[in-house]
Amino acid sequence: QVQLVESGGGLVQAGGSLRLSCAASARTFSSFTMGWFRQPPGKEREFVASISRTGVNTVYADSVKGRFPISRDNTKNTVYLQMNSLKPEDTAVYYCAAASRFSSIYSITRAYDYWGQGTQVTVSS
């Protein structure tokens, strides 16, 4: 069983920045592809970004490309989402997720086996 704990959410003004962290309990953290998803109020959960096991490959949703770099530190069992140039439409609960199995696509929720509890990000205009 893998536990994921997100932190770093909060209230920020439009144009500001936040950095989300997700700490994993897994001793084999480097064997997981990691992803970030978000769920805006009243909407479905949507893909934000993913990062491969070594951190070499990253994928982004068009809505965050160029603003939200994803990174990981396998020595600290942690994945990060640096959120820059935040917009009110980025307001959502943000979840990190871990995928233990190979998938041809990591932008869908069913590719992931483990989920964190989520952290709220609110961007005011």
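The notes below deal with the structure included here. (Residues numbered from 1 in each chain as written. Predicted model: local features only at pLDDT ≥ 70, side-chain atom pairs only at ≥ 80, totals over all residues. Heavy atoms only, no water.)

Notes on the overall build of the chain
Then step 1. On a plain count of helices and strands, the chain comes out with 0 helices and 11 strands.
Then step 2. Counting from the amino terminus, helix and strand elements in the chain follow one another as β-β-β-β-β-β-β-β-β-β-β.
Then step 3. Taken against the 2.2 N^0.38 rule, which gives 14 Å for 125 residues, the C-alpha radius of gyration of the chain at 13 Å falls within 12% of a compact globule.
Then step 4. Counting only C-alpha atoms and orienting by the principal axes, one finds that the chain spans roughly 40 × 25 × 25 Å.
Then step 5. In the chain, which comprises 125 residues, the share counted as buried stands at 46%.
Then step 6. At a minimum sequence separation of 6, the contacts of the chain that also span at least 24 residues come to 56%. (Helix = DSSP H or I, 4+ residues; strand = E, 2+ residues; numbered from the N terminus. Rg over C-alpha atoms; globule rule 2.2 N^0.38 Å. Buried < 20%, exposed > 50% of the residue type's maximum accessible area, 1.4 Å probe, protein only. Contact = heavy atoms within 4.5 Å.)

Points about the pattern of salt bridges
Then step 1. Evaluated as defined, the whole model comprises 5 salt bridges.
Then step 2. Note that E46 is salt-bridged to R38, the shortest N-O span being 2.6 Å.
Then step 3. The exposure class of E46 is partly exposed, given its relative accessible area of 29%.
Then step 4. With its nearest N and O atoms 3.2 Å apart, the salt bridge here joins D62 to K65. Assigned by exposure class, D62 and K65 land together as exposed.
Then step 5. Because the salt bridges share partners, they merge into one network encompassing R38, E46, R67 and D90. (Salt bridge = Lys/Arg side-chain N within 4 Å of Asp/Glu carboxyl O.)

Focus on the sheet that holds strand β7 (residues 70-73)
Then step 1. One open sheet accounts for 4 strands, arranged β1-β3-β8-β7; its pairing is antiparallel. The two strands at the open ends of the sheet, each matched to only one other strand, are β1 (4-7) and β7. Across the sheet, the axes of successive neighbouring strands diverge by a mean angle of 20°, strand direction being ignored. (Pairing = 2+ DSSP bridges. Axes fitted to C-alpha atoms, helices over the stretch in contact; angles between N-to-C directions.)

Worth remembering: the numbers are spatial, not functional.
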